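Fold and geometry: a report
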Amino acid sequence: MDAVDLEKVDEIIERYRGREGVLIQLLLDLQSEFHWIPREVIDHLSERLRVPTSQIYRIASFYKAINLNPVGRHMIQVCMGTACQVRGAQKVLDFTASRLNIKPEETTPDLSFSLRKVNCLGCCSMGPVLTVDDEYHGGVTLEKVEKILKKRS
Ligand code: FES
């Protein structure tokens, strides 16, 4: 990946200057800025906050929302819950994976997309369902997947 903008990291740290117990919130803000938290950022945080990196890693690994591995700019989640499977979720997943040329739980080398399987997105009657970032798409067909990917490529 490109070098991390440590100035941006400092800007985020500044938001919490003088406040205690803000490490989780800080990590979530960094996650939303960079989509994942590289080692370089953890080292920088450790230095600036005088907190051991082991402690930062422990907290970061506890929260599912925080990614310590590269994540694409767009996160595609394909629901593989029972209701969606019955309606063709496997085909949607296979097609999406082959269009992106990655497997589920991987990220494209250009960091454009990550693909994840999830269990139920809570809108089973709309199945098969996938989300792209915060957007929900129901009744997904392979044509729809094609359009969704093209729009964001
Ligand atoms: S099973 Fe897919 S949304 Fe519930």
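That block above? That's the structure.
Structural notes, computed from the coordinates. Just so it is clear, the model here is predicted, and its values are computed rather than measured. (Residues numbered from 1 in each chain as written. Predicted model: local features only at pLDDT ≥ 70, side-chain atom pairs only at ≥ 80, totals over all residues. Heavy atoms only, no water.)

Regarding the packing of helix α1 (residues 6-14) against helix α3 (residues 39-49)
A pair of packed helices can be characterised by two numbers: the angle between their axes and the separation between those axes. Taken N-terminus to C-terminus, the directions of α1 and α3 make an angle of 45 degrees; their axes are 11 Å apart at the nearest point. By the angle between their axes, α1 is oblique relative to α3. Between α1 and α3 lies a crossing whose hand is right-handed. Contacts between α1 and α3 pair Leu6, Val9, Asp10, Ile13 and Glu14 from the former with Glu40, Val41, His44, Leu45, Arg48 and Leu49 from the latter. Considering only residue class, the contact of α1 with α3 consists of six nonpolar, one polar and four charged. (Axes fitted to C-alpha atoms, helices over the stretch in contact; angles between N-to-C directions. Helix = DSSP H or I, 4+ residues; strand = E, 2+ residues; numbered from the N terminus. Parallel < 35°, antiparallel > 145°, perpendicular 65-115°, else oblique. Left-handed = near helix turned anticlockwise from the far one by under 90°. Contact = heavy atoms within 4.5 Å. Nonpolar A, V, L, I, M, F, W, Y, C, P; charged D, E, K, R; others polar.)

A short note on the packing of helix α2 (residues 23-34) against helix α4 (residues 53-62)
One can describe the packing of α2 onto α4 by two numbers: an axis separation of 10 Å at closest approach and a directional angle of 70 degrees. One finds that α2 runs roughly perpendicular with respect to α4. Taken as a pair, α2 and α4 cross one another with a handedness that is right-handed. Facing Leu23, Ile24 and Leu27 of α2, the residues of α4 in contact are Ile56, Ile59 and Ala60. In terms of residue class, the contact of α2 with α4 is built from six nonpolar, no polar and no charged.

So, helix α6 (residues 89-100)
Along its twelve residues, α6 runs 16 Å from first to last C-alpha, staying within 8% of the 16 Å computed at 1.5 Å per residue. Turning to α6, its buried residues are Ala89, Val92, Leu93, Thr96, Ala97 and Leu100. The arc that holds the buried residues of α6, viewed along the axis, is 125 degrees, so those residues lie on one side. Facing away from the buried side of α6, by more than 90 degrees, are the exposed residues Lys91 and Ser98. Packing partners of the buried residues in α6 comprise β1 (74-79), α5 (82-86), β2 (113-118), β3 (130-132) and α7 (142-152). (Expected span 1.5 Å × (residues − 1). Buried < 20%, exposed > 50% of the residue type's maximum accessible area, 1.4 Å probe, protein only. Arc of directions from axis to C-beta.)

Purely spatial values, then, with no claim about function.
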